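# Coordinates in review
In case you want the letters, here they are:
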Amino acid sequence: MGIFLFVLFFQPFPIEHFDFNNSLLFVAGLGVIVFVFMVLVRIIFPWFSRRNYPNHQERIVHSYYGSFIILVASTVAFAFYLHYVGSVSLTFYIMFKVALICLAPVAILRIYDILKVLKNDNEALIIEKKVLQTQVEKFEEDFLSKTVEFVSENNSENFSLTISDIAFIKSADNYVEIAYKEGDSFKRKLLRNTLKNTEQQIRQYSNFIRCHRICIVNTHYIEKLNRDYNSHWLTIKGFEEQLPVSRQYLLKLKETL
């Protein structure tokens, strides 16, 4: 249809000796030529290939080869049609215009193929993303349900919590203060130990990160990283207290978030 309209309105070939109705039929024939070769290469050949070679995975006509066949066959057929049906004298300039016109549907088909491949790849990536998200969610659920046992410095006291309940751990002189969630409220537990020793106990759990020399935070509870002119701090989900962030740990914290 595009070729029919283009030739009809722009008249790149001298076909003045036709009357109006015959001119329409002649121009329609040019469009039919390209359409026939497109159907043969894009539909008939692949269908024949799948029917006779069901176990053959590769396409019998590759996209590039198919485009080349359509271009050459259409150009040759156009030339014969113009010369023997339209009585058009074939010159180099006429053949150049024929080749350009026949190149247009080939280029459009190529763009269509590229867009189709990109669409299929995008759909495959979306499906893969959903599968990975499901796996990550399951991993996080299993990970957060693990139990951490905090032991005092002299092993006289221990305190167990699931990872999902621990909000942050702060140094408090000779003690560490563990803030954890119980139900809908936060509670605190003092345990005699150093923050360094406590950090060693939870080192294997990747969602705990040092944000300050006196504080370790569970990234699961971080609501926002805030900044002022010369300082940074964290707000915790459902918790009024703000946790300081030092420059020493700022870059690693940003990468984690």
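Our structure is the block above this text.
On a predicted model such as this, the values are computed, not experimentally measured, just so you know. (Residues numbered from 1 in each chain as written. Predicted model: local features only at pLDDT ≥ 70, side-chain atom pairs only at ≥ 80, totals over all residues. Heavy atoms only, no water.)

### Remarks on the packing of helix H1 (residues 2-10) against helix H2 (residues 20-52)
We apply this condition: Think of each axis as a best-fit line through the C-alpha atoms, taken over the contacting stretch in the case of a helix, with angles from 0 to 180 degrees between the N-to-C directions. In this description a helix means any DSSP run of H or I spanning at least four residues, a strand means any run of E spanning at least two, and both kinds are numbered starting from the N terminus. For a crossing to be left-handed, the near helix must be turned anticlockwise from the far one by less than a right angle; the clockwise case is right-handed. Here, two residues are considered to be in contact whenever any of their heavy atoms come within 4.5 Å of each other. Three classes are used, and their members are as follows: Ala, Val, Leu, Ile, Met, Phe, Trp, Tyr, Cys and Pro are nonpolar, Asp, Glu, Lys and Arg are charged, and the others, Gly among them, are polar.
For the pair H1 and H2, the least separation of the axes is 8 Å and the interaxial angle reads 145 degrees. The two elements H1 and H2 cross, and the hand of that crossing is right-handed. Contact residues: Ile 3, Phe 4, Val 7 and Leu 8 in H1; Leu 24, Val 27, Ala 28, Leu 30, Gly 31 and Val 34 in H2. Here the contact of H1 with H2 is composed, by residue class, of 9 nonpolar, 1 polar and no charged.

### Details of the packing of aromatic side chains
Threshold: Here a pair means two rings of Phe, Tyr or Trp (six-membered ring of Trp) with centres within 6.5 Å. Their orientation is stacked below 30 degrees between planes, edge-to-face above 60, and tilted elsewhere. Only protein chains enter the calculation, and the probe is 1.4 Å; a residue is then buried if its accessible area is under 20% of its type maximum, exposed if over 50%, and partly exposed in between. Here, a charge over a ring means that NZ of Lys or CZ of Arg falls within 6 Å of the ring centre while also lying within 35 degrees of the ring normal.
For the structure on display, the rule yields 7 aromatic pairs. A centroid spacing of 5.8 Å and a plane angle of 20 degrees characterise the contact between Phe 80 and Tyr 84, whose relative ring orientation is stacked. Of this pair, Phe 80 and Tyr 84 both sit in helix H3 (residues 63-85), 4 residues apart, roughly one helical turn. Here Tyr 84 falls in the exposed class, since its relative accessible area comes to 61%. Seen from their ring centres, Phe 186 and Tyr 221 are 6.0 Å apart, and the 70 degrees between their planes marks the pair as edge-to-face. With Phe 186 in strand S5 (residues 185-192) and Tyr 221 in the loop between strand S7 (215-218) and strand S8 (222-227), the pair connects residues that are 35 residues apart, well separated along the chain. Within the aromatic cluster, the residues linked to one another by ring pairs are Phe 168, Phe 186, Tyr 221 and Phe 239. In this structure, Lys 189 packs its charged tip against the face of Phe 159, placed 5.4 Å from the ring centre. Geometry around Tyr 175 places Arg 192 over its ring, the cationic atom sitting 5.4 Å from the centre.

### Some points on the pairing of strand S6 (residues 208-212)
This is how it is decided: Any two strands between which DSSP finds at least two bridges are classified as paired.
Most of S6 sits out of view: 5 of its 5 residues are buried. Two strands pair when backbone bridges link them, and S6 and S7 are joined in this way by 4 bridges, in the antiparallel orientation. Among the inter-strand pairings, His 212 is bridged to a residue of S7, identified as Cys 215.

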